[in-house]
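Each chain, letter by letter, is given below.
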Amino acid sequence: MTERVVLAYSGGLDTSVCIGWIAEETGAEVIAVAVDVGQGGEDLDVIRKRALACGAVEAEVADAKDEFADEYCLPAIKANALYMDRYPLVSALSRPTIVKHLVAAARKHGATTVAHGCTGKGNDQVRFEAGISSLAPDLKCIAPVRDYAMTRDKAIAFCEENNLPIATTKKSPYSIDQNVFGRAVETGFLEDIWNAPIEDVYDYTSNPATPRDADEVIITFREGAPVAIDGKPVTVLQAIQQLNERAGAQGIGRIDMVEDRLVGIKSREIYEAPGAIALITAHQELENVTVERELARYKRQVEQRWSELVYDGLWFSPLKRALDGFIAEANQQVSGDIRMTLHGGRAVVTGRRSEQSLYDFNLATYDTGDTFDQSLSKGFIEIFGMSSKIAAKRDLA
């Protein structure tokens, strides 16, 4: 029986060439799998037909936009997930979504191997292969660009020699990955970290310096999930899409950073994530109102570790699953409304309200009606500072 390989297929040059390349190198039949996580571009049926025309024996396409939003983006929002305190894990979140569909296709078609188009110096190779090995330890993984040195010029030559139905001349100066949660841009002149990004790098966001009227929005959350925008019910996907449009029009969510890749190198990345940044900003503020102090302090540590695990490709790991449980519990009371002004590249919180609020006006006020018993503070400070006071007497003697 001929071996089968499931290929993560995008419809572009490299993965289209991979179909024939894998067949030549391994003698296996190739099943192409394309997953829509809101990246836009070509129709899924067009991509499916191209895969077959390039030599795939089967081609599957999956509309996973709602799945991606509900099962991957939403946990990131609840975790206030920002790798290195800035990056909302745009690409890292989409990889386990795709992995799940690749493994399902491998089981369905009796494949023994899964292939992807990643290079040997990025994070995505780890995310794909660690994810696949966690869900299906018996499956092998190959990466033609990495394992067979399939450079772009070789890919173009292969495409022309085999008359594959894909354009080979148009090449963006950037490497771009995008989905509904955001957009990542790298390479080209951006590799010189002194060079400022130019406007044609951006697509999800307008120039924040352009004068325009501010946009006020009210986001309603229930147990940490966005459920309404300006009082109108939304799914998680719709919340992201609507805020991509509204926050993006205000230039919100542009990130220019040098980040620490898992493979050990530093990489300059440009991100656009208007909806993600608006939602995380609102969610963080609602947590400030509704989450008890010690839980909130500890959750911030968990958020950093959760973000690192997801960035490093360990979505399906035991630690990540355990932290998911903590984050879900911490979000039980995170319900209410956050009002924000979107303007000039910033999402600024201007109002908060919640039936689960821990903010007590009568305790917080300095005016008449204050119910805080200030006479208790003197003794509290004496006891709270006692250990430091004793140490200071010794150290200053």
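Heads up: the structure comes first, above all this text.
Residues numbered from 1 in each chain as written. Predicted model: local features only at pLDDT ≥ 70, side-chain atom pairs only at ≥ 80, totals over all residues. Heavy atoms only, no water.

### Considerations on the sheet that holds strand β8 (residues 215-222)
Taken together, the 5 strands give an open sheet; going across it, the order is β10-β9-β8-β13-β14, and neighbouring strands pair in antiparallel fashion. Each end of this open sheet is capped by a strand with a single partner; those strands are β10 (232-233) and β14 (346-353). Relative to β14, strand β13 (residues 336-343) runs antiparallel, the two being bridged by 7 bridges. Each residue of the ladder has a partner; that of D337, found in β14, is R353. Packed onto the sheet, helix α9 (residues 274-290) meets β8, β9 (225-229), β13 and β14 and runs at close to 135 degrees relative to β13. (Pairing = 2+ DSSP bridges. Helix = DSSP H or I, 4+ residues; strand = E, 2+ residues; numbered from the N terminus. Contact = heavy atoms within 4.5 Å. Axes fitted to C-alpha atoms, helices over the stretch in contact; angles between N-to-C directions.)

### With respect to the pairing of strand β1 (residues 4-8)
Counted residue by residue, β1 has 5 buried out of 5 residues, so it is predominantly covered. Side chains of β1 alternate between two faces, with R4, V6 and A8 and V5 and L7 buried alike. Between the parallel elements β1 and strand β2 (residues 29-36), the chain passes through helix α1 (residues 13-26) in a crossover that is right-handed. Here β1 pairs with strand β4 (residues 113-115) via 3 bridges, running parallel. Residue pairing for β4: L7 is matched across the bridge by A115. (Buried < 20%, exposed > 50% of the residue type's maximum accessible area, 1.4 Å probe, protein only. Right-handed = clockwise from strand over helix to strand, strands pointing away.)

### Concerning unusual backbone geometry
Leave glycine aside and you will find that most residues have negative phi; peptide bonds, for their part, are mostly trans. Unusually for a residue other than glycine, E223 sits at a positive phi of about 50 degrees. Its identity is not glycine, yet D230 carries a phi of approximately 50 degrees, on the positive side.

### Quick word on the state of the cysteines
The final tally for this structure, using the stated rule, is 0 disulfides. Free of any disulfide, C18 has its nearest neighbouring cysteine sulfur in C118, separated by 9.9 Å. (Disulfide = S-S within 2.5 Å.)

### A word on the environment of E355
Relative to the helices and strands, E355 resides in the loop between β14 and α12 (361-364). Residues E355 and S335 lie 20 residues apart in sequence; the distance between their C-alpha atoms is 7.5 Å.

### Considering a negative patch on the surface
Together, E24, E25, E160 and E161 make up a negatively charged patch on the protein surface. Secondary-structure elements contributing two or more residues to the negative patch are α1 and α7 (152-161). With respect to the element layout, E161 can be found in helix α7. (Patch = residues over 30% accessible without salt bridge, like charges linked within 9 Å, V, L, I, M, F, W, Y side chains within 5 Å. Areas by Shrake-Rupley, 256 points an atom, 1.4 Å probe, with all protein chains shown as cover. Salt bridge = Lys/Arg side-chain N within 4 Å of Asp/Glu carboxyl O. Lys, Arg positive; Asp, Glu negative; His and termini not counted. Charge placed at Lys NZ, Arg CZ, Asp CG, Glu CD.)

### Side note on the pattern of salt bridges
Summed over the entire model, instances satisfying the criterion amount to 33 salt bridges. What you see here is one network of salt bridges that share partners, running through R95, D124, R127 and D177.

### With respect to the environment of L82
Here L82 shows up in the loop between α3 (65-78) and α4 (90-109). What makes L82 buried here is its relative accessible area of 19%. A sequence separation of 39 residues divides L82 from D43, and the C-alpha atoms of the two residues are 31 Å apart. In this view, L82 contacts Y87, P88, I277, I280, Q284 and S307; residues no more than four positions away in its chain are not counted.

### A short note on α3
Residues spaced three or four apart along an α-helix face the same direction, because each turn holds 3.6 residues. Taking 1.5 Å as the rise per residue, α3 with 14 residues should run 20 Å; its terminal C-alpha atoms sit 18 Å apart, in good agreement. Along α3, the sharpest kink reaches roughly 30 degrees, centred on Y72 and followed within four residues by the proline P75. Burial of α3 is extensive: 10 of the 14 residues sit out of reach of the surface. Among the residues of α3, those classed as buried are K65, F68, A69, Y72, C73, L74, P75, A76, I77 and K78. Two residues or fewer after α3 comes N80, characterised by a positive phi angle close to 50 degrees. (Expected span 1.5 Å × (residues − 1). Bend = angle between axes of the 7 residues up to and from the residue.)

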